Amino acid sequence: MSKGITPWEFELEHVDYARIVEEFGLQPMTPELLGRIRNPHRLFKRNLIFAHRDFDRILDAQETGQNFVVLTGMMPSGRFHFGHKLIAELMAWYQEQGVMLYIPVSDIEAHVIREIDMETCRDITINEYILNYMALGVDLVDNRKCCLYSQWKNDLVRNLSFKAASKVTFSQMHAIYGFSNSDNMGKIFFPLIDASDILHPQLPETGGIKPVLVPVGIDQDPHLRLTRDIAPRFGMIKPSSIYTKMMSGLQGPGTKMSSSKPETAIFLSDSIEMAKAKLKDAFTGGRETIQEQKKLGGQPEKCVIYEFLLFHFEDELLKSTYDKCTSGTLLCGECKAIVSDRIAEFLTEIQKKREEAKSLLPKVLDNQSF
Ligand code: SF4
């Protein structure tokens, strides 16, 4: 293994995260902060959570036994893939430690902005999100551990969004979101609903002022910036956030996984055959010829197959693949077969758990406001 690089400190080559931290005005995740996390989740250990805003406030709360909550949204616009899995696992990890979760279903956004009809939104939320969240270990049944709600049905959030509207000017919104003249008013108003989702756990009706942590992808940062601007105007604490690195699409570094483009991602509801076929065509960091690969070793930092191991699977497989790849003793065909089998094993297990979760669905729908 190269000096200074371990599989969990490994940098993917295609995104300049240091530049993102600087441009977005984020705080880098430091070894000092990471050292304060008890039994850190894989995403922390492997440096896959690269930046934050005020995460130290969450660690302070944890260390002093102060109440805090974790919030992330479900966007019911498409199928649930391995990228979505990361946030769901992080939510399960916090819930296991006794932290209350808030999960707004962004059905107003899906309907008003993405023009998805309500029935489809509901169907996607249940079959793609709720069942996979439960299969990944999030308890959505017990509403003392998790508050899952539809944005349409949450009066607290809706009312707060009107009050928030009076605290923000159009020029502030424009500076954050850069709207164009052809954007409809729904798109302009919607961020205030999103901000209200994040703020409402601090209302008196939900237990009052407390730190709120929002794990997100960097694309969601504008909502955090808006919410952090608004929070002090209600006498609330600015929300904290942590940012996960993005997995590449199957076409290679720099491409994106998309729920609407099945060839770009593996969905948790893909059949084993489908997943294996997609992986067979996935981009690797292999060399032009077998001779070159044996001589120079492969390039895991450019490899989508390696990313699956880095983001999702156990240390032993990650380390042995890295070592064999970079020393040229593993060729891409063989490596793809090993990783495909590991993913197939995971999919078989998760699909079984999703079936089991179906029996709990009526309780989720009874207990939650969805
Ligand atoms: Fe990627 Fe595996 Fe090929 Fe290395 S051997 S480049 S990890 S597919």
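Despite not being glycine, Asn39 has its phi angle at roughly 40 degrees, a positive value. Of note, Asn39 is situated in the loop between helix H2 (31-35) and helix H3 (42-45). Residue Asn39 is classed as exposed on the basis of its relative accessible area of 69%. Not every positive phi belongs to a glycine, and Glu115 is a case in point at roughly 60 degrees. Residue placement: Glu115 occurs in the loop between helix H6 (107-113) and helix H7 (118-135).

For helix H16 (residues 332-358), spanning 27 residues, the distance from its first C-alpha to its last is 38 Å, which sits close to the expected 39 Å at 1.5 Å a residue. Here H16 has its buried residues at Cys335, Lys336, Val339, Ser340, Arg342, Ile343, Ala344, Phe346, Leu347, Ile350, Arg354 and Ala357. Packing partners of the buried residues in H16 comprise helix H5 (82-96), H7, helix H12 (272-280), helix H14 (304-312), helix H15 (315-326) and helix H17 (361-367).

Another aspect to go through is the sheet that holds strand S1 (residues 27-28). Spatial strand order, S1-S2-S7-S6-S3-S4-S5: 7 strands in an open sheet with mixed pairing. Of all the strands in the sheet, the pair left with one neighbour each is S1 and strand S5 (146-150). Pairing analysis gives 4 bridges linking strand S2 (residues 49-53) to strand S7 (residues 240-244), with the strands arranged antiparallel. Note on S7: the bridge partner recorded for Ile49 is Thr244. Running at roughly 115 degrees to S7, helix H4 (residues 55-64) makes contact with S2, strand S6 (212-217) and S7 of the sheet.

Note on placement: Leu213 falls in strand S6. In this structure Leu213 comes out as buried when scored by relative accessible area, which is 0%. Discounting residues that sit within four places of it in the chain, Leu213 has contacts with Phe55, Ile58, Val69, Val70, Leu71, Tyr94, Ser240, Ser241 and Ile242.

With that settled, consider the site of the ligand. If you check the shell around the ligand, you find Thr284, Gly285, Gly286, Gln293, Cys303, Ile305, Tyr306, Cys325, Leu330, Cys332 and Cys335 and nothing else. At the level of elements, H14 and H16 are the ones that each hand at least two residues to the shell around the ligand. Of the residues that constitute the shell around the ligand, the class distribution is 7 nonpolar, 4 polar and no charged.

Among the surface-exposed residues, Val112, Met118 and Trp152 lie close enough to one another that they form a single nonpolar patch of about 240 Å² accessible area. Structurally, Met118 is set in helix H7.

Moving on: the packing of aromatic side chains. Under the definition given, this model contains 14 aromatic pairs. Ring centres of Phe82 and Phe308 lie 5.3 Å apart, and the angle between their planes is 75 degrees; on these two criteria the pair is classed as edge-to-face. Placement of Phe82 in helix H5 and of Phe308 in helix H14 is noted, with a sequence separation of 226 residues between them. On the basis of relative accessibility, which here comes to 0%, the residue Phe82 falls in the buried class. Where Phe162 meets Phe189, the ring centres are 6.0 Å apart and the plane angle is 40 degrees; that geometry is what we call tilted. Here Phe162, found in helix H8 (residues 155-165), pairs with Phe189, found in helix H10 (residues 185-199); they are 27 residues apart in sequence, far enough to count as distant. These aromatic residues form a ring-pair network of at least three members: Phe44, Phe55, Phe68, Trp93 and Tyr94.

Moving on: the packing of helix H9 (residues 170-177) against H10. Two numbers describe how H9 lies on H10: the axes approach to 11 Å, and their chain directions differ by 90 degrees. The orientation of H9 with respect to H10, classified from their angle, is roughly perpendicular. When H9 is examined against H10, the residues Phe170, Met173 and Tyr177 are found in contact with a partner set consisting of Ile188, Pro191 and Leu192. For the contact of H9 with H10, the per-class residue count stands at 6 nonpolar, no polar and no charged.

A separate point is H12. Taken together, the buried positions of H12 are occupied by Ala275, Lys278 and Leu279. Buried residues of H12 fall within an arc of 100 degrees about the axis and therefore sit on the same side. Along H12, exposed side chains directed more than 90 degrees from the buried face belong to Glu273 and Lys280. Looking at the buried positions of H12, the neighbouring elements they touch are H14 and H16.

Before going further, it helps to spend a moment on the side chain of His200. Tracing the backbone shows His200 in the loop between H10 and S6. Ignoring anything within four residues of it in the chain, the contact list for His200 reads Tyr102, Tyr149, Asn154, Leu156, Val157, Leu160 and Thr206.

Direction vectors running N to C along H14 and H16 enclose 40 degrees, while the axes themselves pass 10 Å from each other. Considered as vectors, H14 and H16 are oriented oblique to each other. Two packed elements cross with a definite hand, and for H14 against H16 that hand is left-handed. Taking contact as the criterion, the partners of Ile305, Phe308 and Leu309 in H14 are, on H16, Cys335, Lys336, Val339 and Ile343. Class assignment of the residues belonging to the contact of H14 with H16 gives a composition of 6 nonpolar, no polar and 1 charged.

About the thresholds
Residues numbered from 1 in each chain as written. Predicted model: local features only at pLDDT ≥ 70, side-chain atom pairs only at ≥ 80, totals over all residues. Heavy atoms only, no water. Helix = DSSP H or I, 4+ residues; strand = E, 2+ residues; numbered from the N terminus. Buried < 20%, exposed > 50% of the residue type's maximum accessible area, 1.4 Å probe, protein only. Expected span 1.5 Å × (residues − 1). Contact = heavy atoms within 4.5 Å. Pairing = 2+ DSSP bridges. Axes fitted to C-alpha atoms, helices over the stretch in contact; angles between N-to-C directions. Near = heavy atom within 4 Å. Nonpolar A, V, L, I, M, F, W, Y, C, P; charged D, E, K, R; others polar. Patch = residues over 30% accessible without salt bridge, like charges linked within 9 Å, V, L, I, M, F, W, Y side chains within 5 Å. Areas by Shrake-Rupley, 256 points an atom, 1.4 Å probe, with all protein chains shown as cover. Salt bridge = Lys/Arg side-chain N within 4 Å of Asp/Glu carboxyl O. Phe/Tyr/Trp six-rings, centres within 6.5 Å; stacked < 30°, edge-to-face > 60°. Parallel < 35°, antiparallel > 145°, perpendicular 65-115°, else oblique. Arc of directions from axis to C-beta. Left-handed = near helix turned anticlockwise from the far one by under 90°.

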